[in-house]
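So the chains spell out like this:
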There are 2 protein chains.
Amino acid sequence: MTPPKKRPAPGKPVGNEAKALYQAMIGAAGPEATGWTGPLQATAKTGEPEEVLILGGGVAGLTAALELSRLGYACTVLEAQNRVGGRNRTARKDDELYELDEKTGRPVLTHKCAFDDKLYLNLGPGRIPYHHRRVLKYCRDFKVALEPYVMETTANLVRPPHTTKPWPNRRVANDVRGHLAARIAQELVEKDAFTGELLDLLRVFGALDEGHKYRGSTRSGYLGSPVVEDWPTPAPPLPFEDLVNSGYWKARFYQPVDYLWQATMFQPVGGMDKIVDALAREAKKAGAKIKLGAVVTGIEIDPDGVGGVRVSYRQNEKDHHTTPVYCVSNIPIPVLKGIKRSGFSKEFEAALKVVEFEKTCKVGWQANRRFWEGDLDQAGDSEGIYGGISWTGHNITQLWYPSNDFFSDKGTLTGAYNFAKAADDLGRMTPKKRLELARKGAVELHPEFEDRKLVPDDKGVTIAWHKVPFQLGGWADWKPAEPSHLRAYKQLLQPEGLDECFYVTGDQVSPLPGWQEGAMMSAHYVAQQIYGIMPLSVPEVVAVPDSVALTQGLY
Amino acid sequence: MTPPKKRPAPGKPVGNEAKALYQAMIGAAGPEATGWTGPLQATAKTGEPEEVLILGGGVAGLTAALELSRLGYACTVLEAQNRVGGRNRTARKDDELYELDEKTGRPVLTHKCAFDDKLYLNLGPGRIPYHHRRVLKYCRDFKVALEPYVMETTANLVRPPHTTKPWPNRRVANDVRGHLAARIAQELVEKDAFTGELLDLLRVFGALDEGHKYRGSTRSGYLGSPVVEDWPTPAPPLPFEDLVNSGYWKARFYQPVDYLWQATMFQPVGGMDKIVDALAREAKKAGAKIKLGAVVTGIEIDPDGVGGVRVSYRQNEKDHHTTPVYCVSNIPIPVLKGIKRSGFSKEFEAALKVVEFEKTCKVGWQANRRFWEGDLDQAGDSEGIYGGISWTGHNITQLWYPSNDFFSDKGTLTGAYNFAKAADDLGRMTPKKRLELARKGAVELHPEFEDRKLVPDDKGVTIAWHKVPFQLGGWADWKPAEPSHLRAYKQLLQPEGLDECFYVTGDQVSPLPGWQEGAMMSAHYVAQQIYGIMPLSVPEVVAVPDSVALTQGLY
């Protein structure tokens, strides 16, 4: 084999300069000097470009290809599938869904998406928080049009684990606020610890009456549709005991309160894969090559004892071998584990074993009428659900309503999005049985799902990400409170090989697993390690993560 | 004068039919038989159409013209101004703003809107709740494109009355939740009244730790921008004492929790007056005539002792008199009070005196860069405000960020929207001084407002609705808890005149004052009174209004 090229360091900053750039990169200063934004292209290296081989064309792989190409490296992406994007996938008519057969372990075509033309549904990431600045920046720079993603409307429903019928979000959310505020107010009054300001806060927080009791509020909606002759009256409050006994909060009811799901969220107009299209287009413009259907079959670190890396892959029924200067692996860790490897450090091999990937399934429906938005030709109890999510104790866990094309005729819904055991159970079923189960869960929220003409069976789609070839899971289930996890995480941030030639990237090695922002953060990080402005070893972790969020599995 | 035409009752339902229609109208059944939706056009009256004169082309006046025209009446709208829409007004380049001179009482041109082309700002209503079904139905039927109006993002700010610097919404909202939940948990534990389920609810509600203490949460945001090497840590919680002492809730911080402002809200793409354009267009299509610049100068009920109504108005410097079969007044009550009237009942005259109209001002800014959205080319502390409202104890009360054209270059903001004394004070100033004051209030939230190139003085607009000719206020300040108000309200729902020929319409005689839904409800009500399917006298009010909402001035 060709000996690995010597690692040059053209344009590499040193000393204070490197420090300044590092400061910039971690947000202590503007990133215009950090190596991955436009202005740094001025210092892109000259001379013969070094080869970077990127394994996997997910969001991180494409981002790394784009940014390293801009920095003057010669990038090639090997993508095993016939499309780039990885879990960023939007289902449209005729799209084929493959999963691994449980017996043979081989990919089989399970079904095709049969949505009507122009309808689509995001099977992977579906929303962008306002603080995911890298994603937003790429969308703006590459003219990916964004529209608001509605995470929650008070017209959404919750069907708690211990009740048999759903409640509107507005009643649960606001009656609980009221009951809790009244409880504190009562305590204050009983203790004679009356503080006017706090009582006033509680009154407004919980919509208490003048006596600091909670007797219901129009926040929970009106008792009936308003009429001219009368003033709206509140729906009667749900009894606190019923709310507590229902276990409604165990159905993820408060997820929209968490930072990652707070308004204002966005989604690309036309489907999340508009981001993939843009990244691939721009990476190619910057010089990167993308090879589809190229399945990595082996990775050898230091194959000949003098550093370097050799990658074997199979494409068009032929075996290929290549020895780039750098190799960046965007291959999901569960997949990487199954690829023949040699020469990796013991620490690296141990780290691969620590983290598990989350099991997760989605179901998608086409509805031929947007019944959840309500019938504007009928007065009275229209649903009025425009976007957001209904939560349920049923296996489907949640039901997403479309945030796009409000008031149009047809629409697509996410009919299940579940995790862990619920996803394992659902994923073991055939697609047909998954849809049957998902329909039952949806009927509990909306009886209209009984109508198979309105929501046709043959237009349903489903995916079990943990069974998808070349993916094998939703995201890395890091438990940063566990020392072994933190150790493994840090290990994976460090390059392998005598001459630091092999890097792992993806949201899987970011503090935002499952988020495109994490994928991009990681790609920037690796690009800067290669470019030489990011340390190759990781400083001690000093921050104490949010234990509540950890408990709730929010990372 | 011509004697009034005898009131015919073509197609008027009787007995059970009327009852059924009434049931339908109040929402107990579908409205397809209630007289104002499409299907009822089948029973539109035949023969020579009766004349209906509509005074005022606001949303209610236009809606009444549309629906009565569809029902076969010959409608004419007299509009005093040179545009229809009333308070539904969207400011664009070159629009002229008139207010009454305090000394002379005459309208004077105070300034022109100088926004750049394509920029606009709603000076009146700015949002549509998801449960305002009439507005949504007209928008859908008349192809008025809607987009989400973002009422709140957790990136918004609040500058409480007793603090000097603003806090992000997410910190205030979530730290208060945490502190309150911890307080109840502590009480439970102290009392040894441990109930596992309630404690678990509190833990999730308030993001408490395993010991049921609140130590902060990432719900309040991260301490710093996330980096690859570390897990996000929460911003430290604002001390509860500081939150209570700040009086933040008095700055309307919890308004987005109330039903009228809950997600999902909408706004028409391109400006709220797209609704006015559509209503006027469709009313004309249905046969209605609209006369602009026609100022009503007198209304005589039963002018000759044999019933009927005579309306005098001035148009093109000529006086006109007309005697329609029906007259529907969409004139704001404060304006109607100043019009020469005769023949009205004592009860009606007394009712006019009861209700006051709210004083309210708005200020609008053009910003040449959307600095509040943050700079995507800079890492770190970008604002990331996409829509929503920041609240302040300053006179401006609130600052609205645009929910349209996110990520574009320029944008318009509502730089003040205030009420009562704050509006009275602001309204007494010259437009120039209003803008000066509004700039100070905005600087307290965003120092960028200091930059007069970024936010130019000469592109600011302002309106004091209580000083606008033919408007004289924001909305009827009904106090339904006061018997005199309820009596007056009911009186205004009943027609005047021997032969029930004069009707009042508008959001001013609806339980949703200040909302377009209220205007449309009222127009439908009056149309049905005239058509004969709605009682002319009002049933006793039985509902008890939401006292909390009343206290907070939410009606």
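About the thresholds
- Residues numbered from 1 in each chain as written.
- Chains lettered and ligands numbered in written order.
- Predicted model: local features only at pLDDT ≥ 70, side-chain atom pairs only at ≥ 80, totals over all residues.
- Heavy atoms only, no water.
- Helix = DSSP H or I, 4+ residues; strand = E, 2+ residues; numbered from the N terminus.
- Buried < 20%, exposed > 50% of the residue type's maximum accessible area, 1.4 Å probe, protein only.
- Lys, Arg positive; Asp, Glu negative; His and termini not counted.
- Salt bridge = Lys/Arg side-chain N within 4 Å of Asp/Glu carboxyl O.
- Pairing = 2+ DSSP bridges.
- Axes fitted to C-alpha atoms, helices over the stretch in contact; angles between N-to-C directions.
- Contact = heavy atoms within 4.5 Å.
- Disulfide = S-S within 2.5 Å.
- Core = buried A, V, L, I, M, F, W, Y, C linked by side-chain atoms within 4.5 Å.

### Some thoughts on the environment of Ile-530 of chain B
Residues and elements named next belong to chain B.
(1) Moving on: By the secondary structure assignment, Ile-530 is in helix α13 (residues 516-531).
(2) Moving on: For Ile-530, a relative accessible area of 0% gives the class buried.
(3) Moving on: For Ile-530 and Leu-492, which are 38 residues apart along the polypeptide, the C-alpha to C-alpha distance reads 15 Å.

### A look at the side chain of Glu-147 of chain B
(1) Moving on: Checked against the element boundaries, Glu-147 of chain B lands in strand β7 (residues 146-149).
(2) Moving on: Although Glu-147 of chain B is buried, it makes no salt bridge; Arg-370 of chain B carries the closest opposite charge, 8.8 Å away.

### Here's the deal with the sheet that holds strand β12 (residues 295-301) of chain B
Residues and elements named next belong to chain B.
(1) Moving on: Strands sit in the order β14-β13-β12-β16 across an open sheet of 4 strands; the sheet is mixed. Every other strand in the sheet has two partners, leaving β14 (318-322) and β16 (340-342) as the edge strands with one partner each. The sheet shows a mean angle of 15° between the axes of neighbouring strands, direction not considered.

### Topic: helix α3 (residues 133-141) of chain A
Residue and element names in this part refer to chain A.
(1) Moving on: Where burial is concerned, most of α3 is hidden: 7 out of the 9 residues are buried.
(2) Moving on: Turning to α3, its buried residues number three or more, namely Arg-133, Arg-134, Val-135, Leu-136, Lys-137, Tyr-138 and Cys-139.
(3) Moving on: Lining the buried residues of α3 we find α2 (59-70), β7 (146-149), β10 (265-268), α7 (273-285) and α13 (516-531).
(4) Moving on: With its phi angle positive at about 60°, Lys-143 sits one or two positions after the end of α3.

### What about the state of the cysteines?
(1) Moving on: One pass over the structure, following the stated rule, counts 0 disulfides over all chains.
(2) Moving on: Between Cys-113 of chain A, a free cysteine, and Cys-361 of chain A, which holds the nearest cysteine sulfur, the sulfur-to-sulfur gap is 17 Å.

### Some details on the pattern of salt bridges
Where side chains of opposite charge bring their charged atoms close, a pairing between them can arise.
All names here are of chain B.
(1) Moving on: This model, assessed by the stated rule, comprises 66 salt bridges over all chains.
(2) Moving on: Between Glu-349 and Arg-341 there is a salt bridge, with the nearest N and O atoms lying 2.6 Å from each other.
(3) Moving on: For Glu-349, a relative accessible area of 21% gives the class partly exposed.
(4) Moving on: Between Arg-452 and Asp-457 there is a salt bridge whose closest N-O contact spans 2.8 Å.
(5) Moving on: Judged by relative accessible area, which is 30%, Asp-457 ranks as partly exposed.
(6) Moving on: Sharing partners across several salt bridges, the network here consists of Glu-102, Lys-359, Asp-424, Arg-428 and Lys-467.

### As for the nonpolar core
(1) Moving on: Formed by 311 residues in total, the largest nonpolar core has its most connected members in Leu-202 and Tyr-248 of chain A together with Leu-202 and Tyr-248 of chain B.
(2) Moving on: In contact with Leu-202 of chain A, other than residues within four places in its own chain, are Ala-181, Ile-184, Ala-185, Leu-188, Ala-207 and Leu-208 of chain A together with Leu-180 of chain B.

### Observations concerning the pairing of strand β20 (residues 411-419) of chain A
All names here are of chain A.
(1) Moving on: The buried fraction of β20 amounts to 9 of the 9 residues, a majority that puts the element mostly inside the structure.
(2) Moving on: Strand direction decides the pairing type here: strand β17 (residues 360-367) and β20, joined by 8 bridges, are antiparallel. Bridging from a neighbouring strand, Ala-367 pairs with Gly-411 of β20.

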